[in-house]
Amino acid sequence: MRKAFHLEVQAWAQKIGVQPKRIQIQRMTRKWASWSSSGRICFSDDLLSEPESFREVVIVHELLHCIVPNHGKLFKSLMKAYLPNPAKAVPATSYTCSKTLESMSKRCRPESRTR
Ligand SMILES: [Zn+2]
């Protein structure tokens, strides 16, 4: 599962033309993913059980930060260019890396986040 996810991320990195220094998948309790300016991207292992359409949004979003470090106009247009038909449930531009799991909770398992 993790390996497949890694390959997915790498395939997108190639498509976008970026080379993140490090891709990590780890337990993250507050965010889906995080990006650091040093080129390291961490993904939450919760993504492994999310639908592909949602994973794509998160992957493309984080990889684009290697090119555009903010969420400005350029960022949004690139997002649309790479994901012209995002899943209805998760519009590509509605996800941002600063959103927490709770606020970006998905159709699938809303109850699993209650603590
Ligand atoms: Zn972001």
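The structure reproduced in this document is the subject of the present report. (Residues numbered from 1 in each chain as written. Predicted model: local features only at pLDDT ≥ 70, side-chain atom pairs only at ≥ 80, totals over all residues.)

1. A closer look at the nonpolar core
Counting residues in hydrophobic clusters, the biggest one holds 14 residues, and the most contacted among them are A33, F43, V58, I59 and V60. Going through the elements one at a time, β3 (40–44) and α2 (52–64) are the ones with two or more residues in this core. Here this core gets seven residues from one element, more than from any other, and that element is α2. (Core = buried A, V, L, I, M, F, W, Y, C linked by C-beta atoms within 7 Å. Buried ≥ 20, exposed ≤ 12 C-beta atoms within 10 Å, placed from the backbone. Helix = DSSP H or I, 4+ residues; strand = E, 2+ residues; numbered from the N terminus.)

2. Description of the environment of L48
Turning to its location among the elements, L48 is positioned in the loop between β3 and α2. The exposure class of L48 is partly exposed, given the 13 C-beta atoms found within 10 Å. Remark: the alpha-carbon pair of L48 and M1, spanning 47 residues in sequence, is separated by 6.9 Å.

3. With respect to the pairing of β3
On β3, burial follows the alternation: I41 and F43 on one face are buried, whereas R40, C42 and S44 on the facing-out side are not. Alignment of strand β1 (residues 22–26) against β3, held across five bridges, turns out to be parallel. In the strand pairing of β3, Q26 is matched with S44. The pairing of strand β2 (residues 33–36) with β3 spans four bridges and is classified as antiparallel. Each bridged residue has a counterpart across the sheet, and for W35 the counterpart in β3 is I41. Counting the residues that bridge the hairpin from β2 to β3 gives three residues, and of these G39 lies at a positive phi of roughly 95 degrees. (Pairing = 2+ DSSP bridges.)

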